[in-house]
Amino acid sequence: MKAIVFERNGGCEVLQYKDTPIPKPGPVEVLIEVKASACNFNDIWARRGLPGMTIILPHISGSDAAGIVIETGSEVHHVKVGDEVVVHCGISCRQCDYCTRGEEFFCRDFRIWGFQTGPLDGAHGQYCKVPAVNVLRKPCNLSFEEAATIPLVLVTVWRMLVTRAHIRAGDFVLIWGAAGGLGVMAIQVAKLYNANVIAVASSDDKLELCHQLGAEFVLNRKKHDIFSEVRKITDGRRADIVFEHTGADTWPISMQCLKWGGTIVTCGATSGFDAQMDIRLLWNKQQNYLGSHLGNKGELVDALHFVETGQIRPVVGEILPLTELGRAQHLMETGALAGKIAIVPPSA
Ligand code: NDP
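What this report covers is the structure whose coordinates are included nearby. Bear in mind the structure is a predicted one, so any value in this text is a computation, not a measurement.

**Some details on the site of the ligand**
For step 1, the next point in the chain: In the vicinity of the ligand there are 22 residues, among which Trp 45, Gly 181, Arg 221, Thr 270 and Leu 294 approach most closely.
For step 2, the next point in the chain: One of the side-chain N or O atoms of Lys 206 is found 2.9 Å from an oxygen atom in the ligand.
For step 3, the next point in the chain: Residue Thr 270 places a side-chain N or O atom 2.8 Å away from an oxygen atom belonging to the ligand.
For step 4, the next point in the chain: Among the cavities detected, the one that contains the ligand is the largest pocket.
For step 5, the next point in the chain: Contributing elements (two or more residues each) for the shell around the ligand: α1 (41–48), α4 (151–164) and α5 (181–192).
For step 6, the next point in the chain: Two domains each donate at least three residues to the shell around the ligand, and these are domain 1 (2–150 + 314–344) and domain 2 (154–291).

See the structure below:
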């Protein structure tokens, strides 16, 4: 099959479009003909290489796929050949105490498919294999390209805002990178809960998109002083929840913008891991600083319900052929695009 493979870490130049073997599903796995995959920032972390994490080489990235099941393992009974599916990318043993409690992120075998798996085990090819337990029915109101862009970012946002931060009606939610992959989902989930969204992005075009998605307040981080604007918007109260993933550059501002007793929830650090923190704020203001990582399959099932009702919709900024995965990653790294990028492999 055709796939995008890298054999060493580096810039986009390490990505090669080449022939690789079609994966063979094991007894509890399914083989999917990929109709579309999606770019996620973990594709970029894997390609660059991350300190303290082994990226298995040769590597096929891609943690989101939408496609058709074309083969099932001998022990698979709930998924059939011909099913149109999307993938939940959290792979774990499904047997330990954590997994059976729905806390698979604490499983000793937890890995994000297409990021920590391998060799050659991700979505950016014509076929992929995953455990059958990781597939869900594709929302029937979405194209394959739209569906591929949803699961990873939606389940991450759902866990951050709903499970971890306990978002409530009327909350002021400050969302960094609000026109990015996580951001466009965070706006929609916050609106579902009747929260007030303060969206931050770096261009007026992106802010227009945030506004269309329901954000009441939009701030351009290149023009506005975010802290003083948040104080004005909230009448001095500041934000109930700050939605973080941008890291070192924004963390001190996130702390300033948080109200007494408020919650910062984070899942990433695009601009760097080494953030400054005045820990006096933590006790004096009794604030909550929460980490969050992906989400479990149950959370994805809950969230996809709102995709099927049309209350959460995909935001596809670009659809590119598999051969242009490098360009797609460059667009993400430079923040040039709003929404998600879907990748389409050649027909099998
Ligand atoms: P995107 O590239 O789609 O969006 C990120 C946005 O962040 C950009 O649109 C940009 O918006 C903003 N941004 C980038 N740098 C800065 C900066 N220095 N200051 C302020 N804003 C900045 O990525 P995703 O939304 O898909 O992912 C975001 C991060 O979250 C990544 O680091 C990713 O690895 C992580 N993540 C973690 C997950 C987990 O489970 N732990 C799951 C999913 C993502 P603008 O320039 O317009 O302000």
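**Concerning the packing of α4 against helix α10 (residues 297–308)**
For step 1, the next point in the chain: It is at 9 Å that the axes of α4 and α10 come closest, and there the two elements cross at 105°. On the basis of their axis angle, the class for α4 and α10 is roughly perpendicular. Facing Pro 151, Leu 154, Val 155, Trp 158, Arg 159 and Thr 163 of α4, the residues of α10 in contact are Glu 299, Leu 300, Asp 302, Ala 303, Leu 304, Phe 306 and Val 307.
For step 2, the next point in the chain: When its residues are assigned to classes, the contact of α4 with α10 shows nine nonpolar, one polar and three charged.

**Remarks on unusual backbone geometry**
It is generally the case that most residues other than glycine have a negative phi and that most peptide bonds are trans.
For step 1, the next point in the chain: Of the consecutive residues Leu 57 and Pro 58, the connecting peptide bond is found in the cis state with omega at -10°.
For step 2, the next point in the chain: Within the secondary structure, Pro 58 is located in the loop between α1 and β4 (65–72).
For step 3, the next point in the chain: In the Ramachandran plot, His 166 falls in the positive-phi region, its phi being about 50° despite a non-glycine side chain.
For step 4, the next point in the chain: Examined against the element boundaries, His 166 turns out to sit in the loop between α4 and β10 (172–175).
For step 5, the next point in the chain: Backbone geometry at Leu 294 places phi at a positive 50°, although glycine is not the residue there.
For step 6, the next point in the chain: Relative to the helices and strands, Leu 294 resides in the loop between β15 (288–291) and α10.

**As for the packing of aromatic side chains**
For step 1, the next point in the chain: Tallied over the full model, the rule gives nine aromatic pairs.
For step 2, the next point in the chain: A ring pair is formed by Phe 105 and Phe 110, whose centres lie 6.3 Å apart and whose planes are at 65°; its orientation type is edge-to-face. Neither Phe 105 nor Phe 110 differs from the other in exposure class; each is buried.
For step 3, the next point in the chain: When the centroid spacing of 5.6 Å and the interplanar angle of 25° are considered together, the rings of Trp 158 and Phe 306 count as stacked. Note that Trp 158 is positioned in helix α4 and Phe 306 in helix α10, a separation of 148 residues in sequence.

Rules of the game
- Residues numbered from 1 in each chain as written.
- Predicted model: local features only at pLDDT ≥ 70, side-chain atom pairs only at ≥ 80, totals over all residues.
- Heavy atoms only, no water.
- Near = heavy atom within 4 Å.
- Polar contact = N/O pair within 3.5 Å; in protein donor to acceptor, adjacent residues only side chain to side chain.
- 1 Å grid on protein atoms, 1.4 Å probe; cavity = no way out; pocket = protein on both sides within 12 Å on 5 of 7 lines; lining within 4 Å.
- Sits in = over half its atoms within 2 Å of the grid points.
- Helix = DSSP H or I, 4+ residues; strand = E, 2+ residues; numbered from the N terminus.
- Domains from an automatic or database assignment.
- Axes fitted to C-alpha atoms, helices over the stretch in contact; angles between N-to-C directions.
- Parallel < 35°, antiparallel > 145°, perpendicular 65-115°, else oblique.
- Contact = heavy atoms within 4.5 Å.
- Nonpolar A, V, L, I, M, F, W, Y, C, P; charged D, E, K, R; others polar.
- Phe/Tyr/Trp six-rings, centres within 6.5 Å; stacked < 30°, edge-to-face > 60°.
- Buried < 20%, exposed > 50% of the residue type's maximum accessible area, 1.4 Å probe, protein only.

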